[in-house]
Amino acid sequence: MRVRFWGTRGSIPVGLTVADVRDKLAAALLAASGRRFASFAEAHAFASRDLPFSLSHTYGGHTSCVELDTGSDEYFVCDMGSGARPFGEHVLARQAGRKATVNIFMSHVHWDHIMGFPFFGPAYVPGTHLRIHGCHDILEQAFRLQQSPPCFPVNFDQLGATIEFVKLRPGEASEVSGVRVTPLLQRHSGDSYGYRFEHGGASVIYSTDSEHKLEDRAETDRFVAFFRGADLVIFDAMYSLAEAISVKADWGHSSNVIGVELCQMAGVRHLVLFHHEPANQDAAIESLLKDARRLEELTRGPQPLVVSAAHDGLEIDL
Ligand SMILES: [Zn+2]
Ligand SMILES: [Zn+2]
């Protein structure tokens with residue numbers, strides 16, 4: 001299974017500003033002073049390998065959209081944030097005129113998780129089959145609402161695709177086109193659901209927009225059981241621990257530190273920090289990643305935990 005991240009930012013899309021690009025460029029020139037590059041390839045290798053990720057790259061700006069590529073003809077994707085627009089382009093290019101079937105799994109219907117749907121190209125193509133899975137009763141209503149006047153020019157009923165809404169029940173496993181899917185209720189305003197996906201011996205957890213109170217032992221046990229032995233956990237790490245337990249307590253999100261602790265308790269192999277705070281610059285996200293890696297090293301048990309920070313365009317093979 002290959003996991004592709006099309007949108008990794010929380011709450012609202014962000015883009016690099018003029019000042020961001022200029023400052024990165026100036027810092028990169030400084031880091032390269034005294035060096036000579038004989039070719040573009042040499043300069044490219046320096047930028048890729050020797051500069052910090054936060055300087056030569058960006059964590060990206062689209063809101064939540066993560067594809068699970070199982071190698072089958074059907075598509076599997078979590079959430080329809082603004083990353084659904086480039087994901088839709090990818091689907092149309094790969095299908096090259098053939099009709100697509102896309103299985104969508106919705107954590108919840110806050111705007112940052114549905115805003116990409118009106119820009120999801122395959123929804124406009126007759127013959128496309130979209131199955132939108134979720135546990136909320138208001139799932140269909142939310143999709144229709146954001147495409148109602150005066151908010152959007154194309155009404156939901158005008159979309160060319162055949163669109164089906166499939167209700168899942170938290171705690172109950174279902175088989176969706178060869179993938180085993182289990183949702184879990186999470187602590188978030190209006191409720192959100194995490195998903196455990198199992199296919200071909202690999203397991204992936206998608207758990208965003210989820211606040212954890214580790215002092216609630218029963219809830220912690222529930223999540224540890226849900227994460228147990230997973231190859232990959234995509235985790236809401238919007239805040240630092242200090243923010244998550246003070247000013248931003250009860251805002252419905254979690255932190256890098258809680259992610260490490262839960263994944264260690266559950267024997268997870270790889271933790272990916274996700275749903276980045278829109279106010280955080282690339283350097284701030286990199287610093288949250290470094291803190292999480294340092295904590296993992298200090299508290300490492302028998303099995304190491306790989307920790308990464310998601311960026312738009314990241315691909316992980318399982
Ligand atoms: Zn969100
Ligand atoms: Zn939310």
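Residues numbered from 1 in each chain as written. Chains lettered and ligands numbered in written order. Predicted model: local features only at pLDDT ≥ 70, side-chain atom pairs only at ≥ 80, totals over all residues. Heavy atoms only, no water.

Those donors, His108 (NE2), His110 (ND1), His188 (NE2) and Asp209 (OD), are the protein atoms that reach the zinc ion (ligand 2), and they lie 2.2 to 2.5 Å from it. Considering all four donor atoms around the zinc ion (ligand 2), angles at the metal cover 90 to 173 degrees and the coordination shape is irregular. Mapping the donors of the zinc ion (ligand 2) onto the primary sequence yields the spacing H-x1-H-x77-H-x20-D. Between the zinc ion (ligand 2) and the zinc ion (ligand 1) the interatomic distance amounts to 3.7 Å, and Asp209 serves as a bridging ligand to the pair. Residue His110 is found in the loop between strand E4 (101–105) and helix H5 (111–114), and its partner Asp209 is found in the loop between strand E10 (202–207) and helix H7 (217–227); the two are separated by 99 residues along the sequence. The partly exposed category is assigned to His110, whose relative accessible area is 31%. (Donors = N, O, S within 2.8 Å, 3.2 Å for Na, K, Ca; no water. Tetrahedral: all angles 85-135°; square planar, octahedral: opposite > 155°, others 65-115°. Helix = DSSP H or I, 4+ residues; strand = E, 2+ residues; numbered from the N terminus. Buried < 20%, exposed > 50% of the residue type's maximum accessible area, 1.4 Å probe, protein only.)

Within the first shell, the zinc ion (ligand 1) binds the protein through Asp112 (OD), His113 (NE2), Asp209 (OD) and His275 (NE2), at distances of 2.1 to 2.3 Å. Coordination at the zinc ion (ligand 1) is irregular, judged from the four donor atoms that bind it and the angles of 89 to 166 degrees they form at the metal. Counting along the primary sequence, the residues that act as donors to the zinc ion (ligand 1) give the motif D-H-x95-D-x65-H.

In terms of nonpolar packing, the biggest core is built from 26 residues, with Val3, Phe5, Phe105, Val181, Phe197 and Ile234 touching the most fellow members. Those elements that provide at least two residues to this core are strand E1 (2–7), strand E2 (65–69), strand E3 (75–78), strand E8 (179–186), strand E9 (192–199), E10, strand E11 (232–236) and strand E12 (270–274). (Core = buried A, V, L, I, M, F, W, Y, C linked by side-chain atoms within 4.5 Å.)

Turning to helix H6 (residues 139–146), a few remarks are in order. All of the buried residues along H6 are Leu139, Ala142, Phe143 and Gln146. End-on, the buried residues of H6 take up no more than an arc of 95 degrees, which puts them together on one face. Exposed and facing more than 90 degrees away from the buried side of H6 are Gln141 and Leu145. Lining the buried residues of H6 we find H5, strand E5 (129–134) and strand E6 (162–167). (Arc of directions from axis to C-beta. Contact = heavy atoms within 4.5 Å.)

Bringing H7 into the picture now. For H7, the set of buried residues is Glu219, Thr220, Phe223, Val224, Phe226 and Phe227. Along the long axis of H7, the arc covered by the buried residues comes to 160 degrees, so they all point the same way. For H7, the exposed residues set more than 90 degrees away from the buried face come down to Ala218 and Ala225. In the core, the buried residues of H7 are packed alongside E8, E9, E10, E11 and helix H9 (256–266).

Let us look at the side chain of Thr70. Mapped onto the elements, Thr70 comes out in the loop between E2 and E3. Of the polar contacts made by the side chain of Thr70, one reaches the backbone nitrogen of Ser72; its length is 3.3 Å. Those residues in contact with Thr70, other than ones at most four positions away along the chain, are Met1, Phe76, Val179 and His199. (Polar contact = N/O pair within 3.5 Å; in protein donor to acceptor, adjacent residues only side chain to side chain.)

Attention now goes to the pairing of E12. In terms of burial, E12 is largely enclosed, as five of its five residues are buried. Neither face of E12 is open: one carries His270, Val272 and Phe274, the other Leu271 and Leu273, and all of them are buried. Two elements, E11 and E12, share four bridges in a ladder whose sense is parallel. Across the sheet, Phe235 pairs through a bridge with Leu273, a residue of E12. As judged from the four bridges shared by E12 and strand E13 (residues 306–309), these two strands associate in the parallel manner. Its bridge partner lying in E13, His270 is registered against Val306. Handedness of the β-α-β unit built from E12, helix H10 (residues 282–298) and E13 comes out right-handed. (Pairing = 2+ DSSP bridges. Right-handed = clockwise from strand over helix to strand, strands pointing away.)

What follows is about the sheet that holds E12. Sheet architecture is open: seven strands sit in the order E7-E8-E9-E10-E11-E12-E13, paired in mixed fashion. Each end of this open sheet is capped by a strand with a single partner; those strands are strand E7 (174–176) and E13. Direction aside, neighbouring strands of the sheet carry axes that sit 25 degrees apart on average. When E10 meets E11, the two strands line up parallel, connected through four bridges. Within the sheet, the bridge partner assigned to Ile205 lies in E11 and is Val233. Seen against the sheet, H10 touches E12 and E13 and runs at an angle of roughly 175 degrees to E13. (Axes fitted to C-alpha atoms, helices over the stretch in contact; angles between N-to-C directions.)

A cis amide bond, omega 5 degrees, links Pro149 with the succeeding residue Pro150. Here Ala96, not a glycine, exhibits a phi torsion of approximately 45 degrees, which is positive. Mapped onto the fold, Ala96 is located in the loop between helix H4 (84–95) and E4. Given the relative accessible area of 66%, Ala96 is considered exposed.

Here the focus is the sheet that holds E2. With mixed pairing, the seven strands of this open sheet are ordered in space as E6-E5-E4-E3-E2-E1-E14. Looking at strand neighbours, the two that pair on one side only are E6 and strand E14 (315–317), the edges of this open sheet. Strand after strand, the sheet turns through a mean of 20 degrees between neighbouring axes, direction not considered. Sheet analysis places E3 next to E4, joined by four bridges and oriented parallel. Bridging from a neighbouring strand, Phe76 pairs with Asn103 of E4. Contacting E1, E2, E3 and E4, H4 crosses the sheet at an angle of about 175 degrees to E3. The sheet strands contacting H6 are E5 and E6, and the helix crosses E5 at an angle near 125 degrees.

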